[in-house]
Structure formats: C-alpha cells, structure tokens
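# Residue-level structural notes
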Amino acid sequence: MQVLIEAWHRFLALFRRRQLEQDIDDELAFHLSMREQEHLEAGSDPSEVALATRREVGNVTLVKEQMRDRWIFRYVEEAAQDARYAVRSLRRTPSFAIVAIVTLALGLGANTALFSVANAVLFKPLSVPEPERLVRSVTDNNGVWMNSSPATFKVWKDAGAIFEDVTAHRFDIVNLTGDGRPEQIGVARVSEAFLRLFAAPVLRGRAFTPEEDRPNGPAVAILSYSLWMRRFGGDESVLGRRIVLGSVPHAIVGVVGRGFDSEQFQSLPDIWLPLQADPEHVDGASIYQVTARLRRGVTYAQADAHLRDALDALNSGARTGRGGRRYAWIARPLQDAMAGSFRASVNLLAGAVALLLLIACANVAGLVLVRAEVRKREMAIRAAIGAGHGRIVRQLLIESVVLSLIGGGAAIVMGPIIVRLFVGLYPGTNPFMIGADEAVPRIAQAVGGMLDWRVLSFSLVVSVAAGLVTGLLPSLHVFRTLSHSTLQETNAPISGMRWLTGRAALVIIELSLALVLVVAAGLLIRTSLAMRSVDPGFDSDHVLTMRMAVTGTKFETRDGIAELAREGLTRVQTVPGVIRASTTCCMPLETVWQLPFVIASRAGEGLIKTGAMSFHGMGGWTFVSPGYFDVFHIPILRGRDFSLDDDARAPGVAIINEAMARQYWPNSDPLHDRLIIGRGMRAAYAEDPIRQIVGIVGNVHDTGLTRNLRPAVYVPMAQVPDGVTIANVKLLPIVWIARTAADPYTVSAPMERALESTSGLPAGRVRAMRDVMSESTARHRFDMWLMTAFGVCALMLSAVGVYGLISYSVQQRTREIGIRLALGAAPGDVWRLIVRQAMSLAALGILIGVAGALYLARIMTSMLFGVRPHDPVIFTVVVLLFAVVAVFAGCVPAGRATRISPTTALRCE
Amino acid sequence: MTGGARARIIPQSVMGETREIAGQLVPGTLDMLILKTLNRGRQHGYGIARLIQETSREVLKVEESALYPALHRLEVRGMVRSQWGVSDNNRRAKYYQLTALGRRELEREAENWRLVAGAVALVMRSL
C-alpha cells in the first residue's frame, strides 16, 4: 500500500516537473529570506546577511537535488538521460546510425506489415456483436474442406438445440434491366436470417420474411445503399416499386444502411435477394456458405458432437460401400473459417519475417559490437569516474533500443507501402472458384489499417524487443570486458579472442537463420515451377471467357438455352479474331458439378447406395455446346465431338474422359455402353435421357491443378432437361468461351456486343483463361514471392554482416598479423589462417541452418507440391550458395590481411 | 516491551535511500519531530525548524539539508500534504499539513520512541 502511494505520487510528479522545480526554488527562497530576516532582527550588518545565511545553510544546490530526488523514479530519469545521450552519440556517427536504422527498419517493416495483414484477417474481431458465437459450417470431405450444400443447410437449420439462428448465403451476378442500359450487378443471395445475424442496419422497409425465403417464393429484393442512390437517387418512395432482374420484376421491400459490410463478400453486393434454398436439392454442388449463431453457452465441441450425431442419424442404414471415406460437418469459428488456408500462409510468413528480423538484429549487433570496441576507452573512462558497470551496459542497451525505435518508426511510415505490395500480390478472389478456402474477404482492410492500436502496440513491443536482442550480445561483452580492467589495455590486445567469441556467435547465427529462409524460399519456388509444369489437360492460351446470367429469362429452359447458344455462337464466330466459340455451364478450375452415374450394361451389379441414390460412381458433370473441346484444345481420343444434331430430338449422348474410361471399362469398350446420370439426386434428373457414350476425351484438371484427376462426363447443352437447366443457371451464370487468334482481350468488346445483340443480356466477368489459371495458383505464388523476397533480404543481410564481422576481426588483428609476417610467416599462411577461421564459422552456421531447414521443411509439407520437403537439390544448392558467400566474405578481408606491411602494423598503435 | 513490537533506533531505509540526519539529532527522530510539530497545525518549513528549536529550548537544531528532503520524503510517502499559502509577514510560503496517514505514523513513532527512550533511561540509570 505504502509503496503504491509513493509510486503514485512519483508518477504524478512526472507530469509537473517544471512546477516541482519552481516550488522547490520558491520554498528554499522563502526559507533563506526568513533566515536573513532573523539575522537582521538580531542586528547583523545588512551587507553581510546574505553571505552569512548562505554559509550557514551550506550547499543549496545539493539540498535542492535531494529534494528533487524524493519525487523521481530514478530508473526512468536515468533511462531518459541515457536515451538523450544515445541520440547525441548516434548523431555524431551518422553512417553507423543510418546503416543500423535501415537494417532494423527492413526487419521491423516486414514484421509490422505482415502483422497488419494478419491483424486485418485474423485478429481484428468481426464487426458483429459477440462474433465468437458465430460459426461457419464446413464439410470435411476426406480432408478437403468444402462449403455447404442445401441439404447441409437444412440439417444446420434443424439443429435448434445448438444454434440460435442459421443463415446461408452465396454471391451471384444478375442482370439489372428495365430503364437504362442493362448492367451486371453483384447479388448477395441470402437466407432470411442473414441480415439479422450480421446485424445489418435496415434503413428503409424491412428484412426478408421467412415466407419470402421459401422455394418458389415471391420475387422481392432489398437494395444496398449505393444502388438506392445510384438507380433511384435515394428516392423515399422506392419501397414497393419494382426492379427488373433478368426479366423478372422484383418488389423492393427494403434498403440496407450505408456502408454495411457483413465482411462475407469480397466486393459489397449491390442488391440482396432471398436465397429460397430448396432443401430437397441435393446436387453435389456445395456452393452455400452456412453461418450460424451458437446458443449462449454452447461450445464449439458440443456443436461438433451434435452435428456428428445428426450425420449418423441421416446416414443410418443408408451407408454402404463407401468404406474408409471420411465425411463430417464441423462448426468452425467464423473468423477462423473466413481466414481459411490464409492462416497457414501467415504462420509460415510470420516465421520468415521473425527470422529476417533476427538476422537484422544480429547484423546490427555486429555493428554495435564493433562500435563498442572503438568506444572502449570512452566506457573505461566513464567507469573510472564512477559510472557503475550496470549503468554503462544499460547505456548500450538503450542505444540499441533507440536505434530500433527509430527503425520501428520508419517501418510504420513505410508500412502502408509494404502492405499495399503484400495485398497487391494477393490474388483477387474468384467467387466461382471451387472451395472457399482461397477467399479472404478482409485482406484489403489491411491497407490503411496501419493506425490500428493493435498494429501500433505490436510495432512498439517488437521494436523494443528487437532493440534489447540487438543490444544483448554487445552488452554482455562490454560487461565482461569492463569486469577485467580495461583502462590499462590502451594497447590493442595481440589477439582479440575475447571479443571474437561474440562475433563468432553472430556469424553463426546470421548464416544459419538466413539458410533456413533461403531453403524455404527454394522449396516454394520449386513448388511454383512444378505447378506451372502441370499439364492441365487444356490449352489456356488465347482463350477468352465471359459469364452471362440467364436465370429468370426465357433462356433458362432446355430449348431456350440451346437456342441462345446456337444464335450467340453464330454471331460470335463472325467476330474478327475469334477462331472458335462455345458455351458451357462451368469452366475448368471454377465450380464443376458432380453427379452420380450408373453404367447401363451392368445396371444391377456393384451399386453404391447412399440415401435415395444408388450408383456406380460419382463424376464431374459439365454441359457444353459443340466446339467446347476445340476451344480448349482438349483432344478427342476416340469417337466424336458433339454436333448441333445432338439436340433434344436426337438420342441422348455423352462424352467421358480417359480417366473414367480406364477406371470403369478396364476390359471393355465404353463406346458400346450407355450412362444413366443423376437419378435420385433430384426429380428433374429422372427426365435425363439414357446416354450413349460417343466419345472419350483427354483428362482435364478441372478441380484444381494440384488435385487428382477424376472421372468426368460431358453432355450436350441442348439435351439437358428443363428442371436441371433452371436449377443450374440459377446457381451459376453460363460461360461463353472463345479461342482467339491474338490476345484474347482484344475481342472482348466486340464479343460482348455480339452476345448482347443476340440475347439482350450483358456479359461480364471477362477473363482470359490464362488469368483464371493463374488465379488458381495465386496463393502459392503469393507465398513463393514473399518468401523469396525475405530469403533474398536474409541472404544479403547475412552476407554483408559476415563480411563486416570478418573484416573487422582482421583489422583488429592487424598487429598480430604484422608480427606473424615480421617473424617470417608467408602471406599465404596468413591468408589461410583468416579463411580457415571464416570457413569453420561458416561451416558451423551452415550445419545449424541445415538442421533448422530440415525441421521447417517438414512443417511446410502441406504447402508444397511436386517437391519433397527434404529435396536434395534445394539443400545442396543452398548449402553451396552459402559456402560461396562465406568464402567470399572471408577471402576479401584475408586478401587485405596479406597486404599488411609489418612495419606499419607494428607502428599502428 | 510488548510482544512483537521492537524498538528501532535507526528506522529502516525507505526505498533504498539512507536518511539524512541532522547533526544534533538522535538518528531517525527527525521525521517524528516534524510530524509532531505539524500535529499542532499547518506550518511551513522554516516554521517547523523554528518550532523544533524553540520547543527543545535551542537544544535541537534542524538543518535545512536535512529538513527539506525529509519534508518532501514525507510528502511523497503521503504523511503530509502541502499547499501554498501566505505567511504572517505576507509572503508566499509552502505550508505542510498532517494527513490521516501521517497521524497514524506519528502515533506509531511516538509509541516506539517512548519505548526506546524509556529503555535507554533504564539502562543509563542502572549503570
């Protein structure tokens, strides 16, 4: 208690220092004047009174000093003094200060920037009340995490015991028609609970009602604030008016408040539509994001357990033949789920920047050590005139901290630039991409997030820590040296062995840390190269793609879409520069459906049964119009392509891929067989014709370049039953593809015009296939480029650091080398001496580094592709690289050492 | 001596500082004398010194180099409170005043002193 009172008074005094000084002066002045008056009253000579009083009182300054001492924190005061001294002394040696600050700023900048990205994505709580109670439904399908299907959504909705509220949503694009030019706008299709769950402010009107969210419910819409302004000028009478999407007028029932961001969409949606999910809809497509609010007090584990039971109940008796498959529903904390695989990247990169910072610290520690040696005399003198050893060491530490704080300040200033670079490297999210894992909606918030208190305090803490780490080794050495008597050592020691140990440690640390980083970068580079060399099975060069939303238009039937495709393609083919065009429901590397199939020739045997379905296997399912394989240069290995004659009146046909042919017809000819597709998935599939297999095409990596090939079935667009087409185009806008003679983007405008004049609908999301492909590996490239940048920085820093340390040790040993030379040592001996020493340090550093890298590589395994974690090539190359760097860093100073002239060397003190 | 209460001749140092002591004073009694003096009412530093000197019939002389640091120490420790006021001769002076904490401290120190003084007297008488 007593201690607290004192500390509190002292703390308060910190803020009224000037007042305190003044009070002390005034108080003593009053005292002295009273004493003088006393003397006068006693009859002393007025001219001598002042002097006599002074004499009596003694050293007034000392008294004041003692009074002041009562009020201050001695450590704070001294630290402030030391900091001021440090700044003065750094100003005297600007080149040292600049190099040290730049080095530290590099390390701190990388850390601060990465932290602000991580903060935006991982740490900053979602802007929803009680975000920790929100969970995302994740389907674990044999270790691959997927989004939810309508069936999953239903299960979650029924789990009222654990969830207070459940919603599903997905992003879509629709055509805004009616008055004005048609435009494609971003749509959030959300279930009734969404706006409530994400605490959306409803500015006008109301949120959706449960009735509006039923399958085949009414056409209603809620406007975003920006669309309300843009299309309606903020008109108050907008409620009840209609907005035409596709060709369907939607009644406007509400407007969402300005700037509302559920953080679930990469770009803010223009309009909100009810999801109207059909729980009977059990396609393989898992395209919903299901979010739930846990009941108060329900833990994640309890939720998972409940979902496990629900799945068991659903599968009871129906599960056969799927032995060994793992399938589970998990309730992941929402923020965690939103970060997806980004967390793994952040962990890896955080490790990398931490190592980089350590290398920077080691580098600066080397500089400080060298400087400390230059300042040995200064320190010895300070010690001699009474400074405690602790105080001197603290001075050194504070100097490092000051350097580091300046570096940290620079890092914060540079931060936004680095963050912009990070985020710029980070790929935009493709809303149609398979697997939500790649989507990180909040990453863009990192730009401009530098002034967040978490980022600033992180930066401060790390700067101070880096300063202490930097100062640690030099301080220990100075402390040890001071403990020996230094003042006598005015002559340089013959061999600076005592100082050398610190330097040796730094050389080893720097080399080993840098080696770890460079190996990690090497592994990621090889991963990227391996991905680039994957043959996707199609030719992505010179292919342009664009999407068109046909839902709610006359084109959403079998005949309608076939007509649209025929007309549209005829027009597109006439666009100069278009070689061949086609349409499809879904592109490779984006969403691809999966459907069960039954092989007609053995319809009764070997069936797998799940729920209402029985099938021989599951396969990718894509509807295409003729020319699809031509556009993508997918080889037709046997049989024929689809033609315009394969329409609704003709017998059903299908084309399968090579993988399917091999797996299901190992000893027979699939071209003599027929397929029954999709039975049991939904009523609409009952109308799907039994299809004759007419062709076998090459395999395509349509679910991702790094994923395994799987069976795939293609069917002609003109033969897909109405119900299936309607459901499909509602889930995904169709894709137009064209093979072009030159740069694909040159035909985008005429192609869009041609399509709009055919259909009256706009096309959007224009993408060269090359870019779609590059998007699908963008995450890996992001990791790779950042890691490479860090690796290069680390290599350079450590090379410079090691060179500097060895050069300095040579310079320190000038006298010793001079004596050796004078006593007859050959320059070659001296050279070998230095190089051998440098190399033995380097060898130790490399050895430790390799051990660290082996460990890191194992952790990184999941991020690698096409390269083993302990890839001998990478390890050999990197070790050689470091050996070369070390030899260079040793040879140059060694060469200089051989040119030392004995006479100058001996005279140099 | 009652159980547990031990007389201290030199009070323990506070926060590592050794107390300055006035030449003529028994070591460690200055704080107590200041507190006792202030117990009569608020007073400035000069007044405290004068009062101690007068009350002790000029036996105890408090030096500035001891008095003022001691006053400030007591203030930091929360035993006294200070306030600027106007002195009898119309000058600005810093007045000190006892706090509740200081009053308790005074009682403790006085009790301590009584014990020590009595003990010392006993010893001196017996020899």
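See the structure printed just above.
My aim in this report is to walk through the structure given alongside it, one point at a time. (Residues numbered from 1 in each chain as written. Chains lettered and ligands numbered in written order. Predicted model: local features only at pLDDT ≥ 70, side-chain atom pairs only at ≥ 80, totals over all residues. Heavy atoms only, no water.)

### Some remarks on the overall build of chain A
Counting secondary structure elements, chain A contains 27 helices and 24 strands. Radius of gyration (C-alpha) of chain A: 37 Å, far over the 29 Å computed for a compact globule of 909 residues. Its C-alpha atoms give chain A principal-axis dimensions of about 130 × 85 × 60 Å. Across the 909 residues of chain A, 54% fall into the buried class. The distance from the centre of the 93 positive side-chain charges to the centre of the 81 negative ones in chain A is 5 Å. (Helix = DSSP H or I, 4+ residues; strand = E, 2+ residues; numbered from the N terminus. Rg over C-alpha atoms; globule rule 2.2 N^0.38 Å. Buried < 20%, exposed > 50% of the residue type's maximum accessible area, 1.4 Å probe, protein only. Lys, Arg positive; Asp, Glu negative; His and termini not counted. Charge placed at Lys NZ, Arg CZ, Asp CG, Glu CD.)

### Considerations on the pairing of strand β19 (residues 653-657) of chain A
Residue and element names in this part refer to chain A. Across the five residues that make up β19, a large majority, five, are buried. By the alternation rule, side chains of β19 split into Val-653, Ile-655 and Asn-657 and Ala-654 and Ile-656, which are all buried. Inspection of the sheet shows β19 paired to strand β21 (residues 691-697) by five bridges, in the parallel sense. When the sheet's bridge partners are listed, Ala-654 is paired in β21 with Ile-693. As judged from the two bridges shared by β19 and strand β22 (residues 712-716), these two strands associate in the antiparallel manner. Along β22, the bridge assignment pairs Ile-655 with Tyr-714. (Pairing = 2+ DSSP bridges.)

### Digging into the pattern of salt bridges
Residues and elements named next belong to chain A. This structure, assessed with the given rule, holds 43 salt bridges over all chains. Put simply, Arg-640 and Asp-646 hold a salt bridge, and the shortest N to O gap is 2.8 Å. Residue Arg-640 is classed as partly exposed on the basis of its relative accessible area, which comes to 33%. Residue Asp-646 is classed as buried on the basis of its relative accessible area, which comes to 7%. Between Glu-658 and Arg-662 there is a salt bridge; the shortest N-O distance is 2.9 Å. One end of the pair is Glu-658 and the other is Arg-662, both in helix α19 (residues 658-664) and four residues apart, which spans about a single turn. A cluster of three or more residues bridged by salt bridges with shared partners is formed by Glu-130, Arg-133, Glu-164 and Arg-296. (Salt bridge = Lys/Arg side-chain N within 4 Å of Asp/Glu carboxyl O.)

### Here's the deal with the state of the cysteines
Among covalent bonds in proteins, the disulfide is the one between the sulfur atoms of two cysteines. Residue and element names in this part refer to chain A. Applying the stated criterion across every chain yields a total of one disulfide over all chains. A disulfide bridge connects Cys-585 with Cys-586, and the sulfur atoms are separated by 2.3 Å. A torsion of -45° about the S-S bond marks the disulfide between Cys-585 and Cys-586 as left-handed. The cysteine Cys-361 is free of any disulfide, with Cys-793 supplying the nearest cysteine sulfur at 15 Å. Overall, the relative accessible area of 3% leaves Cys-361 in the buried class. Cys-793 sits in the partly exposed class, given a relative accessible area of 22%. (Disulfide = S-S within 2.5 Å.)

### Comments concerning helix α20 (residues 722-731) of chain A
Three or more residues of α20 of chain A are buried, namely Val-724, Thr-725, Ala-727, Asn-728, Val-729 and Leu-731 of chain A. For α20 of chain A, the secondary structure elements touched by its buried residues are β3 (163-176), α17 (558-573), β14 (593-599), β17 (617-624) and β23 (734-740) of chain A. (Contact = heavy atoms within 4.5 Å.)

### Description of the environment of Gly-537 of chain A
Relative to the elements of secondary structure, Gly-537 of chain A occurs in the loop between α16 (497-532) and β12 (543-548). Residues Gly-537 of chain A and Ile-98 of chain A, 439 residues apart in the sequence, show an inter-C-alpha distance of 54 Å.

### Description of the interface of chain A and chain B
With 23 residues of chain A at the contact, the number on the chain B side is 27 residues. Note on chain A versus chain B: buried area summed over both sides is about 2,600 Å², and carbon and sulfur give 57% of it. Of all residues in chain A, Glu-27, Phe-30 and Arg-70 of chain A bury the most surface against chain B, accounting for 29% of the area lost on that side. Across the chain A-chain B interface, the total number found is four salt bridges. Mapped by element, the contributors of at least two residues to the side of chain A that touches chain B are α1 (2-14), α2 (17-41) and α4 (60-69) of chain A. In terms of residue count, α2 of chain A provides more of the side of chain A that touches chain B than any other element does, twelve residues in total. (Buried area = accessible area lost by both parts, 1.4 Å probe.)

### Quick notes on a nonpolar patch on the surface
A cluster of nonpolar side chains, namely Trp-8, Phe-11, Leu-12 and Phe-15 of chain A, defines an oily patch on the protein surface of about 450 Å² accessible area. The residue Phe-11 of chain A is located in helix α1 in this model. (Patch = residues over 30% accessible without salt bridge, like charges linked within 9 Å, V, L, I, M, F, W, Y side chains within 5 Å. Areas by Shrake-Rupley, 256 points an atom, 1.4 Å probe, with all protein chains shown as cover.)

### Some remarks on the pairing of β3 of chain A
All names here are of chain A. The buried fraction of β3 is high, at twelve of 14 residues. Inspection of the sheet shows β3 paired to strand β10 (residues 289-294) by six bridges, in the antiparallel sense. For Phe-163, the partnering residue across the bridge sits in β10 and is Leu-294. As paired elements, β3 and strand β4 (residues 183-190) share eight bridges and run antiparallel to each other. The residue of β4 that forms the bridge with Leu-176 is Glu-183.

### Some thoughts on the packing of aromatic side chains
Summed over all chains, the structure comprises 19 aromatic pairs over all chains. Considering the side-chain rings of Phe-115 of chain A and Phe-123 of chain A, the 5.6 Å spacing of their centres and the 35° angle between planes classify their relative orientation as tilted. Residue classification places Phe-115 of chain A among the buried positions, given a relative accessible area of 15%. Arranged with centres 5.1 Å apart and planes meeting at 85°, the rings of Phe-597 of chain A and Tyr-664 of chain A form a pair that is edge-to-face. On the criterion of sequence distance, the pair formed by Phe-597 of chain A in strand β14 and Tyr-664 of chain A in helix α19 is long-range, its members being 67 residues apart. The class for Phe-597 of chain A is buried, based on a relative accessible area of 1%. Sitting above the plane of the Tyr-95 of chain B ring, Arg-42 of chain B keeps its charged end 4.3 Å from the centroid. For Arg-92 of chain B, the ring lying beneath its charged end belongs to Trp-84 of chain B, and the centroid distance is 4.0 Å. (Phe/Tyr/Trp six-rings, centres within 6.5 Å; stacked < 30°, edge-to-face > 60°. Lys NZ or Arg CZ within 6 Å of the ring centre and 35° of its normal.)

### Some thoughts on the packing of helix α24 (residues 814-822) of chain A against helix α25 (residues 827-860) of chain A
Residues and elements named next belong to chain A. Between α24 and α25, whose axes approach to 9 Å, the crossing angle comes to 145°. Considering only the axes of α24 and α25, their crossing is right-handed. Facing Glu-816, Ile-817, Arg-820 and Leu-821 of α24, the residues of α25 in contact are Pro-827, Val-830, Leu-833 and Ile-834. Grouping the constituent residues of the contact of α24 with α25 by class yields six nonpolar, no polar and two charged. (Axes fitted to C-alpha atoms, helices over the stretch in contact; angles between N-to-C directions. Left-handed = near helix turned anticlockwise from the far one by under 90°. Nonpolar A, V, L, I, M, F, W, Y, C, P; charged D, E, K, R; others polar.)

### As for the environment of Gly-41 of chain B
By the element assignment, Gly-41 of chain B lies in the loop between α1 (30-38) and β1 (43-44). Among the residues examined, Gly-41 of chain B registers a relative accessible area of 29% and is labelled partly exposed.

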